[in-house]
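Chain and residue survey
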Amino acid sequence: MPGPKQIPQKTQPPDSRVLDTLPFFEAAARLGSFVAAGSEFGITAAAIAYRVKCLERCLDVPLFTRHSQGVRLTAEGEAYLEDVRRLLTGLRQANARLRNGGREPRLKLVAVEVVAEKWLTPRLSGFKAAHPHLAVEVETDRGAFAPAQRDFDAWIAFTDRRDATPDCETLFEETLVPVCSPALLRRHARPAEPHDLHRWPLLYDLGRAPHWAHWFAHYGAAPADLSLASGFQSHSMTVRAAVEGMGVALGHARMIADELERGILVPLFGSGVPAPASYVLCTAPGALERSGVRAFRDWVRGEAARQTHRSPAPHPE
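Residues numbered from 1 in each chain as written. Predicted model: local features only at pLDDT ≥ 70, side-chain atom pairs only at ≥ 80, totals over all residues. Heavy atoms only, no water.

1. Brief notes about the overall build of the protein
Quick reminder of the rule: Numbered from the N terminus, helices here are DSSP runs of H or I no shorter than four residues, and strands are runs of E no shorter than two. The buried label goes to any residue with under 20% of its type's maximum accessible area, the exposed label to any with over 50%, and the partly exposed label to all in between, with areas taken from a 1.4 Å probe on protein chains only. Only heavy atoms enter the contact rule, under which two residues are in contact if any of them lie within 4.5 Å.
Tallying secondary structure elements over the protein gives 10 helices and 11 strands in all. Counting over 317 residues, the protein shows a buried share of 46%. Pairs at least 24 apart in sequence give 73% of the contacts found in the protein among residues at least 6 apart.

Next up, the structure:
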C-alpha cells in the first residue's frame, strides 16, 4: 500500500516545523547533551540531533556548538532559549489550568534546604491564609543552583550568582558566625583570636567548605586545616552537630536565630562576617504572568524585609 501523502516542503509553514522541535531544543539546552535529552523523551540522541538540526535550518541560525562532552549553546541559542522557555511555560500553565477546571496551577517552590526548613516553611501558613485557593508544593534544591535544569515557579537559593537570570533578585544578605554549644565552650577557653579556632574541632557543610577559609581570610588569619574536621551534607545537620557539642559550626546567623535565642548555641566572635553569597529569589521565565506567582513574590519580599529589619546581630556572651 502507498504510504501517507507527504506535504510538499515548500507548502508547509516554517513555523509549524519550528514549534514541533522546541521541546527537544529546550531539553538539549537544559541538559547540555543530546544523549540526556533523548533519554528524557525516550528516543535516541540521533533523533534529538535531527530535530535540532531541523530547527537550526528553519531559523538559519546555529544554536549549539558540538563538543566531545555534549553541546553548548551559542550566544544566539542563549537568547532564543529564554523566549522558548516562556512559550513552553505558558503552554504548560494553559494545560494545567484546563486540567484543573480553570483554577490556578499548583505553585511549585524550590528552596535551599536551610531556608526551606528554618525560614520558609514556618511562614507559609501566613501565605496560605491569605491565598487559600493556591496549592503549594515545596522541594529543596539538591545541589548547585541551576534554574535551567528544574521545573519550578519560584526558587530561593543561596548563591553568588545574582545575575543568573533576568528574573533573580536578592532577598537578603547573610553573615557567617562560628557557634558552638555551651557545654563545648565550658571545656575550652573562649578563643581570643580567630586563629585560636585552629585548635578546636570544626564542623562544615560539605557543599560550602570554602566558607571557613572565607571567614578566616576576613580576619587576615590562615585557613584552618579541615582534614580532621567533620563534614555534613547540609547546614541543618552541621548546626545540629554543633548543638550536640561535636564542634564549632559556621552558622548562617539568620537561620540560627532560634538556637541563639534559646541559648543552645553561643557565638564565639562578634557580629559575624558577610557571607560570600546571598539569599536570592528566582522566578521561572514567564512564571510572573500568573497571579499566584506574583502574589508569592510580593509576600516573600515582605517577609524578607521584616526579617532584615528585626534580625539582631549575634554577640558573644
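Still more ground to cover, so stick around.
2. Notes on the packing of aromatic side chains
Here is the rule we go by: Side-chain rings of Phe, Tyr and Trp (the six-membered ring for Trp) are treated as a pair once their centres are within 6.5 Å; stacked means planes under 30 degrees apart, edge-to-face means over 60, and tilted covers the remaining angles.
Enumeration according to the criterion identifies 17 aromatic pairs in this entry. Aromatic side chains Trp212 and Trp215 sit 5.9 Å apart centroid to centroid with 85 degrees between the ring planes, which places their arrangement in the edge-to-face category. Taken together, the residues Trp212 and Trp215, both in helix α7 (residues 210-218) and three residues apart, mark about one turn of the helix. Each member of the pair, Trp212 as well as Trp215, is classed as buried. Aromatic pair Tyr219 and Phe269: ring centres 6.4 Å apart, planes at 45 degrees, arrangement tilted. Note that Tyr219 is positioned in the loop between α7 and β8 (230-232) and Phe269 in the loop between β10 (266-267) and β11 (273-283), a separation of 50 residues in sequence. A relative accessible area of 36% places Tyr219 in the partly exposed class.

3. So, the nonpolar core
Proteins that are soluble and globular tend to have nonpolar side chains buried together. Here is the rule we go by: The nonpolar core is taken to be a set of buried Ala, Val, Leu, Ile, Met, Phe, Trp, Tyr and Cys residues, with the residues joined through side-chain atoms within 4.5 Å.
Of all hydrophobic cores here, the largest spans 59 residues; its most connected members are Val115, Leu197 and Phe296. Counting only elements with at least two residues in this core, the list comes to β3 (107-111), α5 (113-130), β5 (154-159), β6 (168-180), α6 (182-187), α7, β11 and α10 (291-310). In this view, Phe296 contacts Leu107, Leu109, Leu120, Leu124, Phe127, Ala154 and Leu281; residues no more than four positions away in its chain are not counted.

4. Side note on the pairing of β6
Filter applied, for reference: Pairing between two strands requires that DSSP report at least two bridges joining them.
Sheet analysis places β6 next to β11, joined by seven bridges and oriented antiparallel. Bridged to Glu173 within β11 is Ser278. In the sheet, β6 pairs with β10 via two bridges, with the strands oriented antiparallel. Directly across from Val179, in β10, lies its bridge partner Pro267.

5. Remarks on the pairing of β3
Across the five residues of β3, four count as buried, placing the element largely inside the fold. Here β3 pairs with strand β4 (residues 136-140) via five bridges, running parallel. Considered in β4, the bridge of Leu107 is made with Val136. In this sheet, β5 lies alongside β3 in parallel orientation, the contact comprising three bridges. The residue bridging Val110 from the neighbouring strand is Trp155, located in β5.

6. A word on the pattern of salt bridges
Our working definition: A pairing counts as a salt bridge when a side-chain nitrogen of Lys or Arg comes within 4 Å of a carboxyl oxygen of Asp or Glu.
Per the stated rule, a full pass over the model turns up 19 salt bridges. Here Asp151 and Lys108 are joined by a salt bridge, their closest N and O atoms 2.9 Å apart. Of this pair, Asp151 sits in the loop between β4 and β5 while Lys108 sits in strand β3, placing them 43 residues apart in sequence. A relative accessible area of 47% places Asp151 in the partly exposed class. Residue Lys118 is joined to Glu259 by a salt bridge in which the shortest nitrogen-to-oxygen separation is 2.6 Å. Taken as a pair, Lys118 in helix α5 and Glu259 in helix α9 (residues 257-262) lie far apart in primary sequence, 141 residues in all. Linked through salt bridges whose partners overlap, the residues forming this network are Glu26, Arg30, Glu40 and Arg85.

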